[in-house]
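# Architecture and fold: a report
One letter stands for each residue in the lines below.
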Amino acid sequence: MAKPPKKEARAGVTEIFALLRHSFEPAQSVHFLVALVTLRWLADAKRDARPLPCHLELPRCVEEHTPLTLEKDHLGHWFVAMFEQLENLNRPQLASLFTGLDFASPRFQGNDEHRGLLLRAVEILWFKDRYQCSFELMKEALAISRSCLVTSFTAPEWNTPESLCELTARLMQPKADDTVYDPACGTGQMLVHMEGALECKRKRVRLYGAEPHQAAWALAKVSAFYYGYSPEHIAMSDALQPENVLESEDGQRKFDVVIAHPPWGANITASDSRSRA
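The structure reproduced in this document is the subject of the present report. (Residues numbered from 1 in each chain as written. Predicted model: local features only at pLDDT ≥ 70, side-chain atom pairs only at ≥ 80, totals over all residues. Heavy atoms only, no water.)

## Description of helix H5 (residues 117-126)
- Extensive coverage of H5 is indicated by the burial of seven of its 10 residues.
- Of the positions making up H5, those classed as buried are Leu117, Leu118, Ala121, Val122, Ile124, Leu125 and Trp126. Buried residues of H5, seen end-on, are gathered within an arc of 165 degrees and therefore sit on one face of the element. (Buried < 20%, exposed > 50% of the residue type's maximum accessible area, 1.4 Å probe, protein only. Helix = DSSP H or I, 4+ residues; strand = E, 2+ residues; numbered from the N terminus. Arc of directions from axis to C-beta.)

The following block contains the structure:
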């Protein structure tokens, strides 16, 4: 019996991640997976003229199934070019999000006997028309990625339990246009729950966050625009460093709501500059 479309989509994401983990470290695998699935999601949205939950300008040709028409030697360069265009069109929201992801790396290439990793990933994501499954693909990719980071880096604070996120949202009850700041946002779980149920639609709460780990920060950014928030003010930075204190025209930045699930497993000594920030 054939799998239902949503289950097939989830199985595809799991398969791609397993392939990536054979060739890359956990953090790199997470970043590559989220990038690939994000591009498929955006391509489907543009092709079908479906509104995105947040405003993004998309490259003209992203909706075409170009990856399926390219020679394998050109495939990696096409992905690099697409992500560069996507960042350039949305620099305030996506600056540096996909920079440094080298899809033309030899580790993505195959040989005469074996198909390359990237070609296999493209076949899984693009070969079959998973119409209306792109949102499921994204949801599964984000969940797998969060789980991987938490396990690999022993950092449970990167994936705050949903029940705690929902409780925080109910207690804080931010209103439209309120600013919400999480100085240790991890993968963004607490931030994206700030308007209650996780629905992929435009949100009016304005999110601010800081996260020094690149892969966790990338997940926070992607989670924000997937669930309809602007990711512009989610920064890859250490909020405990004095130079990263957010400022406004009249001094230190103030927020309507401040939340945090701090890295309670970290060990900061008195001599550490962060303890004096």
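## Considering unusual backbone geometry
- The phi dihedral of alanine 49 is positive, around 55 degrees, even though this residue is not glycine.
- Among the structural elements, alanine 49 can be located in the loop between helix H2 (26-47) and helix H3 (72-89).
- Using a relative accessible area of 68% as the deciding quantity, one classes alanine 49 as exposed.
- A positive phi angle, close to 70 degrees, is found at serine 96, a residue other than glycine.
- Here serine 96 shows up in the loop between helix H4 (91-94) and H5.
- Residue class for serine 96 comes out partly exposed when judged on its relative accessible area of 40%.

## Considerations on the pattern of salt bridges
- In total, this model carries eight salt bridges according to the counting rule given.
- The partner of aspartate 44 in a salt bridge is arginine 40, with the nearest N and O atoms 3.0 Å apart. Highlighted residues: aspartate 44 and arginine 40, both in helix H2, separated by four residues, approximately one helical turn. The same class applies to aspartate 44 as to arginine 40, namely buried. (Salt bridge = Lys/Arg side-chain N within 4 Å of Asp/Glu carboxyl O.)

## Quick look at the pairing of strand E2 (residues 206-210)
- Across the five residues that make up E2, a large majority, four, are buried.
- The pairing of strand E1 (residues 179-182) with E2 spans four bridges and is classified as parallel. Bridge pairing in E2 places aspartate 182 opposite glycine 209.
- Pairing analysis gives two bridges linking E2 to strand E3 (residues 234-235), with the strands arranged parallel. Considered in E3, the bridge of alanine 210 is made with alanine 235.
- Crossover handedness for the path E2 to helix H9 (residues 214-226) to E3: right-handed. (Pairing = 2+ DSSP bridges. Right-handed = clockwise from strand over helix to strand, strands pointing away.)

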